[in-house]
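# Fold and geometry: a report
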Amino acid sequence: MANILTVNHRENVHLDSQKLSELYRQLGEVSAEDVVCRAIEELAVRLTHCERLWRQNDVEKLRKSARSLIAISEQIGLTDMASIARDVTVAIDASDHPATAATLFRLIRVGERSLTAVWEQQDLSV
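The notes below deal with the structure included here. Predicted model only: the values in this text are computed from it and were never measured.

### With respect to unusual backbone geometry
Positive phi, normally seen in glycine, also occurs at Asn57, with a value near 60 degrees. For Asn57, the location among the structural elements is in the loop between helix H2 (29-55) and helix H3 (59-75). In this structure, Ser95 is a non-glycine residue whose phi angle is positive, near 55 degrees. Within the secondary structure layout, Ser95 lies in the loop between helix H4 (79-93) and helix H5 (97-125).

Written out as structure tokens, the structure is:
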């Protein structure tokens, strides 16, 4: 009988709380919470959209969607997520399909954990 090895990817995420605090300072609590909530929703939608585009083999739209994740992620302090989204676009530009797949699914994993981290951080500040 063969042994089966299961690899679970678990990556730490980095939340730039300074960036988030700056956003709250600039906009005030109510407006900042609105921006953060809309950003979280938009990031979740776009992550799902990226995965769908990959499965449809629509690399051009995937690149555009990954690029859009960069600015939104940076706005609320998700620097790791923004960096990985950049890596996805670099892999697409290089026509490196294995690297695109690897970085895209890393983006999805880190993205999901990052959104949870922001949401939890926001809950602590309320």
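Resuming the write-up.
### Points about the packing of helix H1 (residues 17-27) against H2
The N-to-C vectors of H1 and H2 enclose an angle of 130 degrees; their axes lie 7 Å apart at closest approach. With respect to H2, the element H1 is oriented oblique. Handedness of the crossing formed by H1 with H2: right-handed. Contacts from Leu20, Leu23, Tyr24 and Leu27 of H1 reach H2 at Glu29, Ser31, Ala32, Glu33, Val35 and Val36. Taken together, the residues of the contact of H1 with H2 sort by class into seven nonpolar, one polar and two charged.

Conventions we followed
- Residues numbered from 1 in each chain as written.
- Predicted model: local features only at pLDDT ≥ 70, side-chain atom pairs only at ≥ 80, totals over all residues.
- Heavy atoms only, no water.
- Helix = DSSP H or I, 4+ residues; strand = E, 2+ residues; numbered from the N terminus.
- Axes fitted to C-alpha atoms, helices over the stretch in contact; angles between N-to-C directions.
- Parallel < 35°, antiparallel > 145°, perpendicular 65-115°, else oblique.
- Left-handed = near helix turned anticlockwise from the far one by under 90°.
- Contact = heavy atoms within 4.5 Å.
- Nonpolar A, V, L, I, M, F, W, Y, C, P; charged D, E, K, R; others polar.

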